[in-house]
Every structure is written in structure tokens, then in C-alpha cells.
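Topology and contacts: notes
Now for the letters of each chain:
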Amino acid sequence: MIGVIDYGMGNLFSVSKALERLDVPYKIGNRPNQLEDCSGYILPGVGAFPDAMQALHEHKFIDFIKRKVDEGVPLYGICLGMQLLFEESEEGGETKGLGLFPGKIKRFTGKNDAGVFYKVPHMGWNQLEIQQPNQPLLSQVEQEYVYFVHSYVVHTNEQQLLYATADYHMAVPAIVGKNNVVASQFHPEKSGRAGMQLLENFCKRMVQQ
């Protein structure tokens, strides 16, 4: 059973519909006791980092998520849900994240090293550049196009976290992971075949049903 964490800032409809298409059993909960018995979790996210961390605190999910990760339960973060896994964000001032991965979330500068201005947010279809093809999450996922929409991006020195990147005036961390925690900056449920394959790999390969 997959537990979808509802803290008021995730696109629960599209995630639940994707799980239904994959015939994966799931339940949505807005309190930890509703999801205690799940064998894997999805942390969706849309909106601002500080608001999301406050909402996780109010719904009492921060300690719950950290405990489940320490217990080895698989977790998949989506979009803002991926950014929340890192140490901190500069969005709205310095805000601490869950700290499961080292790194900081920073806004795209809108100007590359050559002095050329570019559009922020990074929005639309972009191609994955697979860095670690042997990861279970990436089984049958190749250099495919997926759907991004974000103004802030992960900066980390931990290169081993990078399962896949995408080029948007920098190497954008697109899929990250370590042990039982994985995440994608893009929305897999809106990313066609590749995105659905990622969700299926998480639910049916990483999670013990």
C-alpha cells in the first residue's frame, strides 16, 4: 500500500489517477496515524517552500517522514516534494528543509555564464540525461522528455545523488536518490510514458507490496 502524504500542498488528483492507472493500491492521509501501516510513501508538492514546511509541521509529518526513512521505508518526492528533502531553501528567506539530502534550493538566476538572459520558470518538456542507468528507479527509462515547471533548483555537491539531469542553462538535478529515498523535480504523473514508468518502478520495484 502506497501512502500519499496530504499536507495541503500537493496535486493529489493527478497522483492518485496515475496510481489507479498503474493498478497500485494507495491511500491518502493528512495525519501520520492514517498512513502508519503503508509500505511506501509519495510526497507531492506544489507551491512555496516555506509554506510547505509550515504545512508539514502543522500536519505533524516532519518527524513521521524522518522516522519512516530511518526505518528504510521507500519515499518518493515530487517537484516541491523533492526540494523539501534537502537541507534548506532561499525561497522567502532561509528556510530549513527535511535535511535528508545535502544541498540548497536556489532560484534560477535568469542569466547564464555567457550573460544571456533566459526565461524563469523552467517550464515545459525537457530531455533527461541519465547519469546512473543501473538504479532500480530508472529501469526502462531512457533519455526521454518529461514535464518541468519550477523557478527554484537544487544545488548540491553530492554528485552521487544525481540519477538524471536536464539541461536548462545549467545541469538541473532532475531525478535524485539515495538508498530508499528518491525524487524527481518534474511531475512524473504528467510526463507520459517515462513518468509512468518511474512511478511503476517505485511502486513495484522499490516498495515491497
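Computed from a predicted structure; not experimentally measured. (Residues numbered from 1 in each chain as written. Predicted model: local features only at pLDDT ≥ 70, side-chain atom pairs only at ≥ 80, totals over all residues. Heavy atoms only, no water.)

Moving on, we come to the sheet that holds strand E1 (residues 2-5). Spatial ordering of the open sheet is given by E2-E1-E3-E4-E14-E13-E12-E9, a layout of eight strands whose pairing is mixed. For this open sheet the edge positions go to strand E2 (26-29) and strand E9 (129-130), each flanked by a neighbour on one side alone. Here four bridges tie strand E4 (residues 75-78) to strand E14 (residues 181-184), and the two strands are oriented parallel to one another. Bridge pairing links Gly 77 to Ala 183 in E14. Strands E1, strand E3 (40-43), E4 and E14 of the sheet are contacted by helix H4 (residues 62-70), whose axis makes an angle of about 140° with E3. Strand contacts of helix H6 (residues 192-206): E1, E3, E4, strand E13 (171-178) and E14, with the helix running at about 165° to E4, the strand carrying the most contacts. (Pairing = 2+ DSSP bridges. Helix = DSSP H or I, 4+ residues; strand = E, 2+ residues; numbered from the N terminus. Contact = heavy atoms within 4.5 Å. Axes fitted to C-alpha atoms, helices over the stretch in contact; angles between N-to-C directions.)

Let us look at the side chain of Ser 14. Tracing the backbone through its elements, the reader meets Ser 14 in helix H1 (residues 12-21). Judged by relative accessible area, Ser 14 falls into the buried class, the value being 14%. A polar atom in the side chain of Ser 14 sits 3.2 Å from the side chain of Glu 189. Excluding anything up to four places from it in sequence, Ser 14 contacts Glu 189 and Lys 190. (Buried < 20%, exposed > 50% of the residue type's maximum accessible area, 1.4 Å probe, protein only. Polar contact = N/O pair within 3.5 Å; in protein donor to acceptor, adjacent residues only side chain to side chain.)

This part covers the environment of His 122. Mapped onto the fold, His 122 is located in strand E8 (residues 122-127). Sequence-wise, His 122 and Met 53 are 69 residues apart; in three dimensions their C-alpha atoms are separated by 23 Å. For His 122, the residues in contact, after removing those within four places along its chain, are Phe 108, Phe 148, Val 149, His 150 and Tyr 168. A distance of 3.2 Å separates a polar atom in the side chain of His 122 from a polar atom in the side chain of Asn 126.

So, about the side chain of Ser 139. On the secondary structure map, Ser 139 appears in the loop between E9 and strand E10 (145-150). When its relative accessible area of 19% is taken as the criterion, Ser 139 is described as buried. At a separation of 3.1 Å, a polar atom in the side chain of Ser 139 contacts the side chain of Arg 205. When residues no more than four places from it in sequence are discounted, the contact partners of Ser 139 are Gln 197, Asn 201 and Arg 205.

In the UniProt entry, the feature "active site" (unreviewed entry) is given for Cys 79, His 187 and Glu 189. These annotated residues cover 111 residues of sequence, and their C-alpha atoms lie no more than 10.9 Å from one another, placing them together at a single site. With respect to the element layout, His 187 can be found in the loop between E14 and H6. A relative accessible area of 4% places His 187 in the buried class. The residues contacting His 187, other than those within four sequence positions of it, are Gly 45, Val 46, Ile 78, Cys 79, Tyr 147 and Val 149. (UniProt positions renumbered as here; feature names shortened; annotations may be inferred.)

A word on H4. Within H4, burial applies to Ile 62, Phe 64, Ile 65, Lys 68 and Val 69. Buried residues of H4, seen end-on, are gathered within an arc of 165° and therefore sit on one face of the element. When the buried face of H4 is taken as reference, the exposed residues oriented beyond 90 degrees from it are Asp 63 and Asp 70. Its buried side turned inward, H4 meets E1, helix H2 (32-35), E3, helix H3 (49-58), E4 and E14. Trailing H4 by a residue or two, Gly 72 shows a phi angle of about 90°, which is positive. (Arc of directions from axis to C-beta.)

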